[in-house]
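# Observations on the three-dimensional arrangement
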Amino acid sequence: MGKSKSLQILLLLALSAAANAATTILPRPNSCDIHEGQFVFTPGIPVIYAPGLEALAEYITEYIPLRQIDDRTWTAGQSLRLLIDDTLGAEAYRLEVTPQGVRVTGGDYGGVFNGLQTLLQLLPPEAYTKHATLPMTVPACRIVDEPRFHYRGMMLDVARTWMDADRVKRHIDLMSHLKINKLHLHLSDDEGWRLEIKSHPELTEIGAWRGGDSPVWPVYGKWDEKYGGFYTQEQMRDLIHYAGVRNVEIIPEFDLPAHSRNIARVHPEILCNYTPDLEVTAGYDYRSVWCAAREENYRLLADILGEVADLFPSEYIHIGGDEVDMTQWSRCPDCQALKSREGLADGHAIEQYFLGRVNRILEANGKRAAVWNEAIRGGNLPRNARVHGWKDVDACLEATAQGYRTVVMPGAYFYFDMRQSPHEEGHDWAAIFDVRKTYSFDFGKCGFTPAQVANVFGVEGAFWSEAYVSHEPEKPDYLDYMTFPRICALAEIGWSEGVREWPEFYRRLKGYYDAMGAQGIRFRLMPPRVTYRNGLLSASVEDGSRLTYTEDDSEEKPYTGPIRTQTPELYLFRSRYQSGRSPKVGTPAYYRTLQPAVKISTSMGESKEFPYVRAEEYRGIARTARTCRKGDWIRYDFEEPFTCREIAVRTGNLQLPRFIFTTGYVELSTDGETFERAGELAKGGWMLRHPERPIRAIRIVSTCEGNGCPYVTVQSPVIK
Ligand code: TNX
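Residues numbered from 1 in each chain as written. Predicted model: local features only at pLDDT ≥ 70, side-chain atom pairs only at ≥ 80, totals over all residues. Heavy atoms only, no water.

## Some words on the overall build of the chain
To keep things clear, this is the line we draw: Numbering of helices and strands starts at the N terminus; helices are DSSP runs of H or I of at least 4 residues and strands are runs of E of at least 2. For the radius of gyration, the atom set is restricted to C-alpha positions; the globular benchmark scales as 2.2 Å times the number of residues to the power 0.38. Partly exposed residues are those whose accessible area sits between 20% and 50% of the maximum for their type, while under 20% is buried and over 50% is exposed, using a 1.4 Å probe and protein chains only. When checking whether two residues touch, look at their non-hydrogen atoms; a contact exists if any pair is within 4.5 Å. With residues, only the protein chains shown are counted as cover, and all accessible areas are computed by Shrake-Rupley using a 1.4 Å probe.
Summing up its helical and strand segments, the chain has 20 helices and 36 strands in all. Compactness check: the chain gives a C-alpha radius of gyration of 28 Å against a globular reference of 27 Å for 720 residues, within 12% of the reference. By residue count, 59% of the 720 residues in the chain fall in the buried class. For the chain, the proportion of contacts with a sequence separation of at least 24, taken over those separated by at least 6, is 70%. Accessible surface, the chain as shown: approximately 28,800 Å² in total, 51% of it carbon and sulfur.

## Here we look at the domain arrangement of the chain
Frequently, the measure chosen for interface size is the accessible area that the parts lose on association. So the rule is basically this: Where a domain begins and ends is set by an automatic assignment or by a domain database. Values labelled buried area give the accessible surface lost by two parts on being combined, using a 1.4 Å probe and summing over both. By definition, a salt bridge exists where a carboxyl oxygen of Asp or Glu is found within 4 Å of a side-chain nitrogen of Lys or Arg.
Along its sequence, the chain is organised into domain 1 (3-145), domain 2 (155-256 + 296-321 + 362-518), domain 3 (529-590) and domain 4 (598-719). The gap between the C-alpha centroids of domain 1 and domain 2 is 31 Å. Taken residue by residue, the interface counts 26 residues in domain 1 and 29 residues in domain 2. When domain 1 packs against domain 2, the two sides together hide about 2,300 Å² of surface, and 54% of this comes from carbon and sulfur. When the buried surface of domain 1 facing domain 2 is broken down by residue, L26, P27 and R28 rank first, second and third, together holding 33% of it. Between the two partners, domain 1 and domain 2, sit one salt bridge. Between E504 and R28 there is a salt bridge, and its shortest N-O distance comes to 3.4 Å.

## What about the packing of helix α4 (residues 165-176) against helix α6 (residues 233-245)?
Threshold: Every axis corresponds to a line fitted to the C-alpha atoms, with the helix fit spanning only the stretch in contact, and the corresponding angles, defined between N-to-C directions, vary from 0 to 180 degrees. For this classification, under 35 degrees means roughly parallel, over 145 means roughly antiparallel, 65 to 115 means roughly perpendicular, and everything else is oblique. By the definition used in this description, the sense in which the near helix is turned from the far one sets the handedness, with an anticlockwise turn below a right angle giving left-handed and a clockwise turn giving right-handed. Under the scheme applied here, ten amino acids are nonpolar (Ala, Val, Leu, Ile, Met, Phe, Trp, Tyr, Cys and Pro), four are charged (Asp, Glu, Lys and Arg), and all others, including Gly, are polar.
Running from amino to carboxyl end, α4 crosses α6 at an angle of 15°, the nearest separation of the two axes being 10 Å. In this view, α4 runs roughly parallel relative to α6, as classed from their interaxial angle. Where α4 crosses over α6, the handedness of that crossing is right-handed. For the pair α4 and α6, contact is made by A165, V168, K169, I172 and D173 and by D238, L239, Y242 and A243, respectively. Classifying every residue of the contact of α4 with α6 by side-chain character gives six nonpolar, no polar and three charged.

## A word on the sheet that holds strand β21 (residues 536-540)
Selection rule: A strand pair is defined by DSSP finding two or more bridges across the two strands.
Here three strands make up an open sheet; going across it, the order is β20-β21-β24 and the pairing antiparallel. The open sheet has two edge strands, β20 (529-533) and β24 (563-564), and neither has a second partner. Both β20 and β21 contribute to a ladder of five bridges, which runs antiparallel. Directly across from T531, in β21, lies its bridge partner S538.

## Some words on the side chain of S465
Relative to the helices and strands, S465 resides in the loop between β19 (456-463) and α16 (476-483). You can call S465 buried: its relative accessible area is 0%. Contact partners of S465, with chain neighbours within four places excluded, come to D157, R160, T161 and M163.

## Things to note about the site of the ligand
The condition is simple: For this description, a residue counts as near a given molecule or strand if any of its non-hydrogen atoms is within 4 Å of it. Any pair of N or O atoms that falls within 3.5 Å is considered a polar contact. Within protein, one atom must be able to donate a hydrogen and the other to accept it, and sequence-neighbouring residues count only if both atoms are side-chain atoms.
Taken together, 13 residues form the shell around the ligand, and within it R160, D322, Y415, D417 and W429 come nearest. Side-chain polar atom of E323 to a nitrogen atom of the ligand: 3.3 Å apart, as the coordinates give it. At 2.9 Å, a side-chain N or O of E466 approaches an oxygen atom of the ligand. Its free accessible area being 370 Å², the ligand has 96% of it covered by the protein chains. Of the residues in the shell around the ligand, the class split is six nonpolar, two polar and five charged.

## Looking at helix α18 (residues 502-518)
To keep things clear, this is the line we draw: By this rule the span expected of a helix is its residue count minus one, scaled by 1.5 Å. What the bend at a residue measures is the angle between two axes, fitted to the seven residues ending there and to the seven starting there.
With 17 residues, α18 should reach 24 Å at 1.5 Å per residue; the first-to-last C-alpha distance of 24 Å fits that figure. The sharpest bend along α18 reaches about 30° and sits at Y512. Among all positions of α18, only W502, F505, Y506, R508, L509, Y512, Y513, A515, M516, G517 and A518 are buried. Looking at the residues trailing α18, positive phi occurs at G520, about 75°.

## Some points on the nonpolar core
To keep things clear, this is the line we draw: Residues enter a nonpolar core if they are buried and are Ala, Val, Leu, Ile, Met, Phe, Trp, Tyr or Cys, with the set joined through side-chain atoms within 4.5 Å.
Counting residues in each nonpolar core, the largest one holds 172 residues, and the members touching the most others are F41 and L82. Sort the elements by how many residues they give to this core and α18 lands first, with nine residues. Membership of the second largest hydrophobic core comes to 27 residues, among which are I634, F642, V649 and L668.

## A look at the pairing of strand β15 (residues 316-320)
When you tally the buried positions in β15, you get five out of five residues, the bulk of the element. Pairing of strand β14 (residues 249-256) with β15, which is carried by two bridges, proceeds in the parallel orientation. Its bridge partner lying in β15, E253 is registered against H318. The pairing of β15 with strand β16 (residues 368-372) spans three bridges and is classified as parallel. In the strand pairing of β16, H318 is matched with A370.

## Things to note about the pattern of salt bridges
One pass over the full model with this rule turns up 42 salt bridges. D428 is the salt-bridge partner of R419, the closest N and O atoms lying 3.4 Å from each other. Judged by its relative accessible area of 41%, D428 falls in the partly exposed class. Each of R28, E492, E504, R507 and R508 takes part in a single network of salt bridges with overlapping partners.

## Re the packing of aromatic side chains
Centre distance and the angle of the planes are the two values used to describe a pair of aromatic rings. Our working definition: Think of it this way: a Phe, Tyr or Trp ring, Trp meaning its six-membered ring, pairs with another when their centres are within 6.5 Å, and the plane angle makes it stacked under 30 degrees, edge-to-face over 60, tilted otherwise.
This model, assessed by the stated rule, comprises 37 aromatic pairs. Relative to W495, the ring of Y93 has its centre 6.5 Å away and its plane inclined at 40°; by these criteria the two rings are tilted. Placement of the pair is Y93 in strand β5 (residues 93-98) and W495 in helix α17 (residues 486-495), with a sequence separation of 402 residues. No difference in accessibility class separates Y93 from W495, as the two residues are buried. Relative to Y415, the ring of W390 lies with its centre 6.3 Å away and its plane at 10°, an arrangement referred to as stacked. With W390 in the loop between β17 (386-389) and α12 (393-401) and Y415 in the loop between α13 (411-414) and α14 (435-439), this residue pair connects regions lying 25 residues apart in the sequence. Neither W390 nor Y415 differs from the other in exposure class; each is buried. An aromatic cluster of at least three residues, connected via ring pairs, comprises F149, Y413, F414, F441, F443 and F448.

## Side note on the side chain of H184
Inspection of the secondary structure puts H184 in strand β9 (residues 182-186). Given the relative accessible area of 0%, H184 is considered buried. Side-chain polar atoms of H184 contact the side chain of E253, separated by 2.8 Å.

## Digging into the pairing of strand β29 (residues 633-642)
Looking at chain direction, strand β27 (residues 598-602) and β29 are connected through five bridges and run antiparallel. Paired with T602 across the two strands is I634, which belongs to β29. For β29 and strand β34 (residues 695-702), the ladder comprises six bridges, and the chain directions are antiparallel. Considered in β34, the bridge of I634 is made with I700.

Written as structure tokens, this is what we have:
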């Protein structure tokens, strides 16, 4: 082959690599032209920055080891230049790469930051490790880009599961790489108060901890330890600064007037009538609501929110407003007197009154209120309040129709605590959905008129954490898996205009897998496809990930080709790609269950609403009439002894370790009379593989005094 020919081929190869690199940018840029050639970052090349951009020069040198020079001392030569051009819009940028150098020009600081994110995506993925060495190559190009919405948010619930400042910083890093620019921190809820308030140190001294000797009861697991944590104002200031460097604004939320069980345990006097609060309740707690008529309550809130307003630069403070149980107010003589005095029609109007008072506190501190969608029901919420539409699409339609600036985050698309497929972990109340569903979100198809779209302030993903605390391995792993890659789709909906086609997006998403790997994100891959035909079991993936399988719960082995077997129900497949992994998938036979006739009895009596027959007929959950004490039992008597491959019984609800026997053990019987101990409960459940003898009866025995709930949930046995 002639020299010119091979050069041509090399050039073509380089060009197609460059084109590839550019077309993987996520979120998709407005316009992107890839040119011939490239720029090579070599040692000694400086980053030259305009006034006000020093923090970004420092930021980018963590990823690309360059020399920092401010532009007064600059002399010509190859460089990375960071510039401002205020004819570009807010957060907009232009990225120009030629063989002579790289220029990132932003309409403002945020624009330069966004341009740098695009640059990072054009570099080899190792740049994200912050340990990459030069040279590093970036394809020549010109990209002109700006966001569709200036609010591209993510909410973290640090109240139910405590996440310390370092973990939040990591999350800020990961989300800001996708140009997400708002972090909504849910800082208070029934189970935790997470920010130091100097005028009321008891709020964190007591309220940051639940369980153990704390007056704050655990509701969602971790029953036996004192668990929690909080940010000092100092730490929060540092976090705000850290986020700010990354173009992320932190919006604090203090959830009012409901979801306040925590502060109500520290200051019981804030509740209606101030009755002693000794009763154990299930799940949502009606005594979590502030009394609306007590004047001192507004003084306490003024103290708290005054400090919050001083600490956070964000214009909006989120004051909650969701899921208010109004029965307390209707039973409270003071609230009833308030109601007639102020001419308030109903509970919603009382909520409005309460939030209106809180809003005035914010205004006095130069801030505005953000609220959850229920807060608009009273009809008088000031129009300058920002509404977060969470419940469903209708709630977002309602808020935008009423003229509220709305952050759109319906659970069925944007709640990343929802399960991603039926057999995975997570909630399912809003929907079971994966990244594809998030990506399919479309204002037009959801029924937003252009006028309503004009009121859309932006979009937000949410990670609620009541179930997170009981996941193993606890924490970063599960958070990553639930949020990535769904957050990538969210980022694109917030940033990019234009048509959305799943295959095109999925191609770019796969292009981002290496970047996620380099960031150490334990992201979710799409489940492998598994088929069983003519005695052959096979699995496939379409993303280049590595397939593995287990047989009968054995160790994970590499999958090299179809497996000949007569027992496909024993196999599970999963795929892995760097730090990513798919869920485990079996054939339909794996999930098929037997439903032998069974009678259920307990020592705790039966709830009328949820009788045992529901679980006996495999139709849903049943409940006992009271909570458990030491020695209480649940018994399953089967009509016929049966054999099986696997049997599992559980107390409590799926996904949440609540309404369970907190501790206990399981006994098996082959004759229905004599029982033998078979194992301990873990999170209220127990499982046995390959029972040696036919099973006639099972008994679960409690070794705990109470479970923090007023009853125990009884489930059907799961037999495979
Ligand atoms: C509803 S979203 C809630 C949260 C839960 C979440 C679980 C909202 C304003 N309220 O308290 O954590 O569902 O998905």
